[in-house]
Amino acid sequence: MPKEVSDEVLDIKMEADIINARVKAKALAEAVGFDYMDQTRIATAVSELARNALEHAGGGQMMMSPVTALGKRGLQITVADHGPGIKNLEAALKGGYSTKGGLGLGLSGSKRLMDVFLINTETGKGTVVTAKKWVTK
Amino acid sequence: MENSIPILKSGKCLIASPQVALHDKLAIQFKGNLLEKIVQTKVKGLVLDLSAIDVVDSFLVRQIAEIASSARIMGAEVVVVGLRPAVALTLVEMGISLLGVQVARDLEKGLALFNRSWENSCPKK
């Protein structure tokens, strides 16, 4: 039986928080019942999302919560920031679009790693990314 | 917190195998140290062993690609070895390729790759 797990709320304020976030995500994913492959996918997506918040918005908050629906167990990751918002969301989700000299594959890549990926962004106000992944059996 | 990723020289190769998670600053520092060491030691190749790294994100991929292309301009080849299956699969799923970076399964195969192109100038074992 998977262990009892609770939510994690993390502040993303500096680089070390990115590593911290993915270590926590990996541990939580394992506790929820994800296999090693999925733990890696989730930790990588968390790394990308945390860095996006730090690079583009100067930081943000991340919440990781175990979720259940229709008998499935999963993990929900929410990252919220009060940055400038994503100007060209379509391009950012398509990939290859970067305003910071990166690969431009962070957002599109993490979308591909997760099962559900929702972005709410408002120019000048901030961005909230909600991503979920379900344990497959 | 000092950068303590050892960079070892053996024959005409450098070998580096980070054992801790590379946060951004450390990755950038590591990149600089590697390139400096390539110049200092005049080696022809660098083997970068990532077998201990459990998460490789797009930022780290960019650093690796920059290490490889900078080294190439300076006359040294780079081969990345030891990528974990979960890391490799994650990168492929994200649509990130390591195109332009030589890869080999492990340290031994990485060194063998260099051996072939430099007539056994690297350690054989």
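Reading guide: rules and limits
- Residues numbered from 1 in each chain as written.
- Chains lettered and ligands numbered in written order.
- Predicted model: local features only at pLDDT ≥ 70, side-chain atom pairs only at ≥ 80, totals over all residues.
- Heavy atoms only, no water.
- Helix = DSSP H or I, 4+ residues; strand = E, 2+ residues; numbered from the N terminus.
- Rg over C-alpha atoms; globule rule 2.2 N^0.38 Å.
- Buried < 20%, exposed > 50% of the residue type's maximum accessible area, 1.4 Å probe, protein only.
- Contact = heavy atoms within 4.5 Å.
- Lys, Arg positive; Asp, Glu negative; His and termini not counted.
- Charge placed at Lys NZ, Arg CZ, Asp CG, Glu CD.
- Pairing = 2+ DSSP bridges.
- Axes fitted to C-alpha atoms, helices over the stretch in contact; angles between N-to-C directions.
- Core = buried A, V, L, I, M, F, W, Y, C linked by side-chain atoms within 4.5 Å.
- Polar contact = N/O pair within 3.5 Å; in protein donor to acceptor, adjacent residues only side chain to side chain.
- Phe/Tyr/Trp six-rings, centres within 6.5 Å; stacked < 30°, edge-to-face > 60°.

Notes on the overall build of chain A
Here's step 1: Each helix and strand in chain A was counted, giving four helices and five strands.
Here's step 2: Mapped in sequence order, the helices and strands of chain A form the string β-α-α-β-β-α-α-β-β.
Here's step 3: Taking 137 residues into account, the globule formula puts the C-alpha radius of gyration at 14 Å, and chain A, at 14 Å, falls close to it.
Here's step 4: A principal-axis box enclosing the C-alpha atoms of chain A has dimensions of 45 × 25 × 25 Å.
Here's step 5: Out of the 137 residues in chain A, the part that is buried amounts to 47%.
Here's step 6: Put simply, of all contacts in chain A between residues at least 6 apart along the chain, 60% involve residues at least 24 apart.
Here's step 7: Side chains of chain A carry 18 positive and 15 negative charges; the gap between the two charge centres is 4 Å.

Points about the sheet that holds strand β3 (residues 72-81) of chain A
Residues and elements named next belong to chain A.
Here's step 1: Taken in spatial order, the five strands line up as β1-β2-β3-β5-β4 in an open sheet, and their pairing is antiparallel. Of all the strands in the sheet, just β1 (8-12) and β4 (116-122) have a single pairing partner and so form its edges. Recorded for the sheet is a direction-independent mean angle of 15° between the axes of neighbouring strands.
Here's step 2: Two strands pair when backbone bridges link them, and β4 and strand β5 (residues 126-134) are joined in this way by seven bridges, in the antiparallel orientation. Bridge pairing in β5 links V116 to K132.

Digging into the environment of V39 of chain B
Here's step 1: Note on placement: V39 of chain B falls in helix α1 (residues 24-41).
Here's step 2: Here the alpha-carbon distance between V39 of chain B and M74 of chain B, two residues 35 residues apart in the chain, equals 7.7 Å.

Re the nonpolar core
Here's step 1: Core analysis: the biggest nonpolar cluster contains 65 residues, and I42, M62, M64 and I77 of chain A have the highest contact counts within it.
Here's step 2: Contact partners of M64 of chain A, with chain neighbours within four places excluded, come to D7, E8, L10, A21, K24, A25, L28, V46, Q76 and I77 of chain A.
Here's step 3: Among the nonpolar cores identified, the runner-up in size contains nine residues, and C13, V47, V79 and A104 of chain B belong to it.

Points about unusual backbone geometry
Residue and element names in this part refer to chain A.
Here's step 1: At L70, a residue that is not glycine, the phi angle is positive and equals roughly 50°.
Here's step 2: Among the structural elements, L70 can be located in the loop between β2 (60-69) and β3.
Here's step 3: Judged by its relative accessible area of 85%, L70 falls in the exposed class.

Overview of the side chain of T127 of chain A
All names here are of chain A.
Here's step 1: Mapped onto the fold, T127 is located in strand β5.
Here's step 2: Classification of T127 by relative accessible area gives buried; the value is 5%.
Here's step 3: A distance of 2.9 Å separates polar atoms of two side chains, one belonging to T127 and the other to T121.
Here's step 4: Discounting chain neighbours no more than four positions away, the residues touching T127 are V79, A80, D81, G85, I86, I119, N120 and T121.

A few points about the packing of aromatic side chains
All names here are of chain B.
Here's step 1: Tallying each qualifying case throughout the model produces one aromatic pair over all chains.
Here's step 2: Taking the centre distance of 4.6 Å and the plane angle of 10° together, the rings of F114 and W118 count as stacked. With respect to burial, F114 and W118 carry one shared label: buried.

Observations regarding the pairing of β3 of chain A
Within a regular beta strand, the side chains point alternately toward one face of the sheet and then the other, so they alternate between its two faces.
Residues and elements named next belong to chain A.
Here's step 1: For β3, the tally of buried residues reaches seven of ten residues, placing the bulk of the element in the interior.
Here's step 2: Here β2 runs beside β3; their pairing, made up of nine bridges, is antiparallel. Paired with M62 across the strands is V79, a residue of β3.
Here's step 3: Following β2, the chain reverses through two residues before pairing antiparallel with β3; L70 in that reversal takes a positive phi of roughly 50°.

A short note on the sheet that holds strand β4 (residues 77-81) of chain B
Residues and elements named next belong to chain B.
Here's step 1: Spatially, β1-β2-β3-β4-β5 is the arrangement adopted by the five strands of the open sheet, whose pairing is mixed. Here the strands that pair on one side only, and so sit at the sheet edges, are β1 (7-10) and β5 (102-104). Going across the sheet, the axis of each strand differs from the next one's by a mean of 25°, ignoring polarity.
Here's step 2: One ladder, built from four bridges, connects strand β2 (residues 13-16) with strand β3 (residues 45-49); its direction is parallel. Directly across from I15, in β3, lies its bridge partner V47.
Here's step 3: Relative to β2, α1 is tilted by about 160°, and along the sheet it contacts β1, β2 and β3.

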